[in-house]
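Summary of the model geometry
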Amino acid sequence: MKHEPDKSQNAARWQAVLARDASSLPPFIYAVKTTGVYCRPDCPSRRPNEKNVEFFDSSVEAQEAGYRACKRCKPDETAPDVVMAAKIAATCRAIEEAEEEPGLEALAKSCGLSVFHFHRLFKAQTGVTPKAYARAHRMQKVRKSLNGDAPSVTSAMYDAGFSSSSRFYEIATQALGMSPSTYKNGGQNMRILFAVGECSLGSVLVACSQKGVCAILLGDTAEKLLDDLQSMFPQAELIGGDEAFEALVARVVGFVDAPRLGLDLPLDIQGTAFQERVWQALRDIPAGQTASYREIAETIGAPTSFRAVAQACGANALAVAIPCHRVVRSDGGLSGYRWGIERKRALLELEQTA
């Protein structure tokens, strides 16, 4: 049974038809009254006059209304991009389950593609290359082992599929933000300076490792922020900052209240290769402007990875320094923010009125 038309929904669907891109909308098809044919939103055929278009949630509804399937875009068959997405997803599972990292040629062959085509599609779907995906998965296994009952760092290394210790320590130290042994001990023997200040958004905690600022946290109370920092580095030595360090906190507070002043700080960024690409793209958004999750995904060369972009924003521990508050939904609405939607709205208002 066909639903009564929703004008706003149909307007969005028509824009998707014009753009040949309905990836941000629930599935639908459109039919043309003058031809009696129904099509996918991305059908390459010439666009009809809007007044002759009718929208349906499914092919079945269109058929019941007397329309026949387009022979060009074949809306009754599984879309090629859906088929390819399934193949890439299967490839990701194969990488995750393999004891040793599969070769690029073998992965491409399993998808029935050339190495070049496979490499390009894999990066477009996941946001990273097959090698980077395999490395990120192995590092995830390393984190899990080091946080669990792995008897040693060496054991965690081999369990994750690393065969070279020199390569492992090079990758692991960069990904973890500290040596694997320090990570296994919850940051033991690691000195982190911190201080708490007050700004228009509440309390702000700034923490620094030897490499640079490793956390900027926003919250309601200093106690809650300190608890959050301790959960990030449970065994690290947390040291209250001196006057010089508190001057750094004052810079952060000043930046929150006057964002166009800029905030140029050495950062200790700890994330996966994909997260770091997202975070760099966020830092390139000028104060007072916003970008959608999809636009960030396109900026980093992974147009279908907008959900992974949202996850990377949620994993950001450097509020305002990495401005994930500047990322909004495609319709301009505000969505999740690690430190609360109201703080996100307030930050955007400060930037737009400064």
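Residues numbered from 1 in each chain as written. Predicted model: local features only at pLDDT ≥ 70, side-chain atom pairs only at ≥ 80, totals over all residues. Heavy atoms only, no water.

**Observations concerning the environment of Met232**
Within the secondary structure, Met232 sits in helix H10 (residues 222–232). Placed 85 residues apart in sequence, Met232 and Ala317 show a C-alpha to C-alpha distance of 9.6 Å. With residues near it in sequence (within four places) discarded, Met232 still touches Cys214, Ala215, Leu217 and Ala317. (Helix = DSSP H or I, 4+ residues; strand = E, 2+ residues; numbered from the N terminus. Contact = heavy atoms within 4.5 Å.)

**Describing the pattern of salt bridges**
Tallied over the entire structure, the rule returns six salt bridges. With its nearest N and O atoms 2.6 Å apart, the salt bridge here joins Arg13 to Asp57. Residue Arg13 is located in helix H1 (residues 7–19), and its partner Asp57 is located in the loop between strand S3 (53–56) and helix H2 (59–64); the two are separated by 44 residues in the primary sequence. Here Arg13 falls in the buried class, since its relative accessible area comes to 6%. On the basis of relative accessible area, Asp57 is assigned to the partly exposed category, the value being 32%. For Asp228, the salt bridge is made with Lys224, and the minimal N-O distance between the two is 2.8 Å. Of the two residues, Asp228 and Lys224 are both situated in helix H10; the distance of four residues between them amounts to about one turn of the helix. (Salt bridge = Lys/Arg side-chain N within 4 Å of Asp/Glu carboxyl O. Buried < 20%, exposed > 50% of the residue type's maximum accessible area, 1.4 Å probe, protein only.)

**Observations concerning H1**
End to end, H1 covers 18 Å across 13 residues, agreeing with the expected 18 Å (1.5 Å per residue, within 8%). Regarding H1, the residues found buried are Asn10, Arg13, Trp14, Ala16 and Val17. Each buried residue of H1 lies within a common arc of 160 degrees when the element is viewed along its axis, so the set occupies one face. Along H1, exposed side chains directed more than 90 degrees from the buried face belong to Ser8 and Ala19. Its buried side turned inward, H1 meets strand S1 (29–32) and S3. (Expected span 1.5 Å × (residues − 1). Arc of directions from axis to C-beta.)

**Section: the packing of aromatic side chains**
By the definition in use, this model includes four aromatic pairs. Ring centres 5.8 Å apart and planes at 70 degrees place the aromatic pair Phe28 and Phe55 in the edge-to-face group. On the criterion of sequence distance, the pair formed by Phe28 in the loop between H1 and S1 and Phe55 in strand S3 is long-range, its members being 27 residues apart. Phe28 gets classed as buried once you look at its relative accessible area, which sits at 5%. Measuring from ring centre to ring centre gives 5.5 Å for Tyr337 and Trp339, while their planes differ by 70 degrees; the resulting arrangement is edge-to-face. Like Trp339, Tyr337 is buried. (Phe/Tyr/Trp six-rings, centres within 6.5 Å; stacked < 30°, edge-to-face > 60°.)

Interpretation in functional terms is not warranted from these geometric data alone.
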